[in-house]
Amino acid sequence: MLSQTHEPQPKAVPVPIADAGAAPVGAKAHKQDQPQPTASVAPSGTPATRTRSQPVLAPFAGDVLAVPTPAALTAEQTEMLALLKAHVPGLLARNDPVQLAKEQRWADDACLLRYLRATKWNYNNAVARLTATLAWRREYKPDEIPDDEVMPEALTGKEVFCGFDNQGRPVFYLSPARENTTTYDRQLRFVVYNLEKMCRLLPPGVEAMSVVVDYENVSMRAAPPLSISRRFLQVIGDHYPERMGTSFIVNPTWYLSMFFGLIGPFLDPVTRSKLYIVDPKTQGDLSKGGSMPTTGMGGWTDIRQHIPAKYLWKEFGGDLDYEWNFDEYWAALKNV
């Protein structure tokens, strides 16, 4: 089940980004992600509206990201984290030096805290989920998926990282109408490939991404079977806990209402509460929201309140006139 913490959001603290050319932790620098010379920058200091085919994989120079500060741990939580840290070495691949080094880097304090929060601070459940994820990573090798293996899934731009939300979380745009394959195992590999890339795109102090799903022109024919959707949700929920921030469903259709009726029981209530519905045509007046039921969800919203205009695609009300170009996007993503 896709699971998130019930803890309230901590107070945000602005974090200046001094150099857009400096990549986030774990990511390589992207020259093409830096803002253009002064002539193409608006007086406000933000990038001017223009068409660009280069993805925004690092914050623009001078940006101030309101990265939330971690909530202080209670004495009991601090003790539980210490117990988990002491237990983890026994779970790692001690007979494989290369794998051991990878797992030691992966199982840092932030990772352990995500599993503790996702299990609502149930120590035994956190150990069980960590153990399962370590076994899955050894078998599935998500961090070693070859670019060429999943490249066919990237051709149409159905899954694209571009920009950051108000809290510095990378924005992941999904366009189901651009689905171009029925190779479901490879589709899942591509989702996991992107999740691993996301982890490298995160600015310091950021642990999750924002997801924008555009359901315009989506039909049942382009959608994966329910069993596949459940499998995708299970992998994300089981092995990438606390990585899903706010999600926005844009241009909802009748099919979406039916889909959520089927998939809803498999969504954790906290995850569901972070799903928002957006109609770009009426988002300036939320009283004109559509008829799609939003029980248990975040409700209808104006996506411009969550993602700065300079990082929000123009078709959703932003200033970023992004034009899909496979060659440019794939070259940039592969270098992350």
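Look above for the structure.
Described in the following lines is the structure provided in the data block. Here the structure is a predicted model, which means the values were calculated and not measured.

With that settled, the discussion passes to the sheet that holds strand β9 (residues 299–300). Strands sit in the order β4-β5-β6-β7-β8-β9 across an open sheet of 6 strands; the sheet is mixed. Looking at the sheet topology across the chains shown, the edges are occupied by β4 (159–164) and β9. Pairing geometry for strand β5 (residues 170–174) and strand β6 (residues 209–214), over 4 bridges, is parallel. Bridge pairing in β6 links Tyr173 to Val212. With respect to the sheet, helix α6 (residues 184–201) is in contact with β4, β5 and β6, its orientation differing from that of β4 by roughly 20°.

Two elements in contact, helix α1 (residues 75–87) and helix α3 (residues 109–118), have axes whose closest approach is 10 Å; the angle formed by their N-to-C orientations is 115°. Note that α1 runs across α3; the crossing there is right-handed. Here α1 contributes Met80, Leu81, Leu84 and Lys85 to the contact with α3, which in turn contributes Asp109, Leu112, Leu113 and Leu116. Of the residues assigned to the contact of α1 with α3, the class counts are 6 nonpolar, no polar and 2 charged.

Mapping Val270 onto the fold places it in helix α9 (residues 269–273). We classify Val270 as buried; its relative accessible area is 9%. Remark: the alpha-carbon pair of Val270 and Gly298, spanning 28 residues in sequence, is separated by 9.8 Å.

Taken N-terminus to C-terminus, the directions of α6 and helix α10 (residues 326–334) make an angle of 60°; their axes are 11 Å apart at the nearest point. Between α6 and α10, the angle falls in the class oblique. Residues Phe190, Tyr193, Asn194 and Lys197 of α6 form the contact with α10, whose own contacting residues are Trp330, Leu333 and Lys334.

In this structure the tally under the stated criterion is 16 aromatic pairs. When the ring of Phe164 is compared with that of Tyr311, the centres are 5.8 Å apart and the planes differ by 75°; the resulting orientation is edge-to-face. With Phe164 in strand β4 and Tyr311 in the loop between β9 and β10 (320–322), this residue pair connects regions lying 147 residues apart in the sequence. For the pair Phe164 and Tyr311, a shared accessibility class is recorded, and that class is buried. In this structure, Arg189 packs its charged tip against the face of Tyr140, placed 4.7 Å from the ring centre.

How each quantity is defined
- Numbers given for residues are sequential positions, taken from 1 along each chain in its written order.
- Reporting of local features is limited, given that this is a predicted model, to residues whose pLDDT is at least 70; pairs of side-chain atoms are given and counted only at 80 or more, and all residues count toward the totals for whole chains, interfaces and linings.
- The basis for every side-chain value is the complete set of heavy atoms in the structure, and neither hydrogens nor water enter the calculation.
- A pair of strands is treated as paired once DSSP finds two or more bridges between them.
- Helical segments are the DSSP runs of H or I of at least four residues, strand segments are the runs of E of at least two, and each set is numbered from the N terminus.
- Contacts were defined at the residue level, with two residues in contact if any of their heavy atoms lie within 4.5 Å.
- Axis geometry follows a simple rule: fit a line to the C-alpha atoms, using only the stretch in contact for helices, then measure angles between N-to-C directions, giving values from 0 to 180 degrees.
- By definition, turning the near helix anticlockwise from the far helix through less than a right angle yields a left-handed crossing, and turning it clockwise yields a right-handed one.
- Side-chain classes are defined by residue name, with Ala, Val, Leu, Ile, Met, Phe, Trp, Tyr, Cys and Pro counting as nonpolar, Asp, Glu, Lys and Arg as charged, and the others, Gly among them, as polar.
- Per-residue accessibility, obtained with a 1.4 Å probe over protein chains only, is compared with the maximum for each type, and a residue is labelled buried under 20%, exposed over 50%, and partly exposed between these values.
- Angular relationships are summarised with four words: roughly parallel below 35 degrees, roughly antiparallel beyond 145, roughly perpendicular across 65 to 115, and oblique for the angles in between.
- The rule is short: rings of Phe, Tyr and Trp, with Trp giving its six-membered ring, pair when the centres are within 6.5 Å, and they are stacked under 30 degrees, edge-to-face over 60, tilted in between.
- Geometrically, a charge over a ring is one whose NZ (Lys) or CZ (Arg) sits within 6 Å of the ring centre while staying within 35 degrees of the ring normal.

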